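Structural description and commentary
Each chain, letter by letter, is given below.
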Amino acid sequence: SDDDSKPVDKSERPPITIPDEGVLSLESFIGVYLDELRQGKFWGIAWDLATLGEPLPVTKVFGARYDRMYCSSSLRPVAVLDTVSDAACPNGMEPSDHLPVCASFVRK
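In this text the structure is predicted, and so the values were computed from the model without any measurement.

Right, let's talk about the overall build of the chain for a bit. When you go through the chain residue by residue, the secondary structure sums to 2 helices and 2 strands. Reading the secondary structure of the chain in the N-to-C direction produces α-α-β-β. Within the chain, buried positions represent 6% of all 108 residues. Partitioning the contacts of the chain with sequence separation of at least 6, the portion at a separation of at least 24 is 55%.

Dropping the structure here:
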């Protein structure tokens, strides 16, 4: 039997498509959630449950950063805006769990 707990390489997954009739079967709907869990995207499911009035308990706000910027050794950063939030995102002030990150660079 397949081990559903193993992460799936993105290149091995078929793309998610909307059926011609515009309705997902229950099996396909559950499959979307299982795929999100395999990818570690638990916050999408938590958001959906909260929207439905069944929020999961929040013990603390996740404090790491997923989105990053990199530059080559030929550039030097001169200004960085690193946005943080004290509340779980998405929320009323931040519509996404991806907060803005921006920087200015100069050539060395």
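Back to the write-up after that little detour.
Let us look at the packing of helix α1 (residues 26-38) against helix α2 (residues 42-51). Between α1 and α2, the least distance of the axes is 7 Å, while the angle of their chain directions is 135°. The angle between the axes of α1 and α2 places the two elements in the oblique class. For the pair α1 and α2, the contacting residues are Tyr33, Glu36 and Leu37 in the first and Phe42, Gly44, Ile45 and Asp48 in the second.

Below, the discussion takes up a nonpolar patch on the surface. Residues Leu24, Leu26, Phe29, Ile30, Leu34, Leu37 and Phe42 make up a contiguous nonpolar surface patch of about 670 Å² in total accessible area. When residues in the nonpolar patch are grouped by element, the largest group, 5 residues, is from α1. Within the secondary structure, phenylalanine 29 sits in helix α1.

What follows is about α1. Its 13 residues place the ends of α1 18 Å apart at the C-alpha level, agreeing with the 18 Å of an ideal helix rising 1.5 Å per residue. Positive backbone phi, at 80°, marks glycine 40, one or two positions downstream of α1.

Rules used in this analysis
Residues numbered from 1 in each chain as written. Predicted model: local features only at pLDDT ≥ 70, side-chain atom pairs only at ≥ 80, totals over all residues. Heavy atoms only, no water. Helix = DSSP H or I, 4+ residues; strand = E, 2+ residues; numbered from the N terminus. Buried < 20%, exposed > 50% of the residue type's maximum accessible area, 1.4 Å probe, protein only. Contact = heavy atoms within 4.5 Å. Axes fitted to C-alpha atoms, helices over the stretch in contact; angles between N-to-C directions. Parallel < 35°, antiparallel > 145°, perpendicular 65-115°, else oblique. Patch = residues over 30% accessible without salt bridge, like charges linked within 9 Å, V, L, I, M, F, W, Y side chains within 5 Å. Areas by Shrake-Rupley, 256 points an atom, 1.4 Å probe, with all protein chains shown as cover. Salt bridge = Lys/Arg side-chain N within 4 Å of Asp/Glu carboxyl O. Expected span 1.5 Å × (residues − 1).

In short, the description is geometric, and any link to function would need to be established separately.
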